[in-house]
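# Commentary on secondary and tertiary structure
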Amino acid sequence: MSNDAFTQPSEGELEILQILWKIEPATVRQIHEALSASKAVGYTTTLKQIQRMLDDKKNLLIREEREGIHYYRSLVPQQQARQNLVDKLAQQLFEGSGTQLAIQALGSGKVSQAELAELEKLLQNLKDQQSHE
């Protein structure tokens, strides 16, 4: 799915996608139980949201039937959804600057030592790539 075909999921849709990225394929009941663990939500609300996500305009989910049971899968890879959301946030709040977005996020002070090490490795890789160009 290209970035142009990507439909920005709502907050509720993103919650469902996050569940599916962990346990797919999943039934409505499984998705509902996972959602209910963190917030009060009705079964019919979960079902309706899943049905909207199947819509051709949204194109976020696919439904498979096995032995009369419907299972749902995400059509959007997790990494692609993350990248699209970060790109949109950078565009809307930081005039397209991913650097300013990262500085803002890191400025919160909620960064672990492991995350800092991962960031240092990423920065070094980027520096190495530029020195070879």
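Structure shown above.
Structure report, in brief. Predicted model only: the values in this text are computed from it and were never measured.

### So, helix α4 (residues 78-94)
- Taking 1.5 Å of rise per residue, 17 residues should cover 24 Å, and α4 covers 23 Å from first to last C-alpha, within 8% of that figure.
- Inspection of α4 places Gln-80, Ala-81, Asn-84, Ala-90 and Phe-94 among the buried residues, and these make up the whole buried set.
- The secondary structure elements touched by the buried residues of α4 are α1 (11-23) and α5 (98-106).
- Glu-95 lies just past α4 and shows a positive phi near 50°.

### Description of the side chain of Glu-13
- Along the polypeptide, Glu-13 turns up in helix α1.
- Overall, the relative accessible area of 3% leaves Glu-13 in the buried class.
- Glu-13 has contacts with Gln-8, Gln-49, Met-53, Lys-58 and Leu-60, leaving out every residue within four places of it along the chain.

Scoring rules and cut-offs
- Counting starts from 1 at the beginning of each chain's written sequence and moves along it residue by residue.
- Two thresholds apply to this predicted model, a pLDDT of at least 70 for residue-level local features and 80 or more for giving and counting side-chain atom pairs, whereas whole-chain, interface and lining totals are computed over all residues.
- As a convention, hydrogens and water are excluded, and side-chain values are obtained from all of the structure's heavy atoms.
- Only DSSP runs of H or I with at least four residues qualify as helices, and only runs of E with at least two residues qualify as strands; both kinds are numbered from the N terminus onward.
- Multiply 1.5 Å by the residue count of a helix minus one, and that product is the helix's expected span.
- Using a 1.4 Å probe on the protein chains alone, a residue whose accessible area is under 20% of its type maximum counts as buried, one over 50% counts as exposed, and one in between counts as partly exposed.
- Throughout, a residue-residue contact means that at least one pair of heavy atoms, one from each residue, lies within 4.5 Å.

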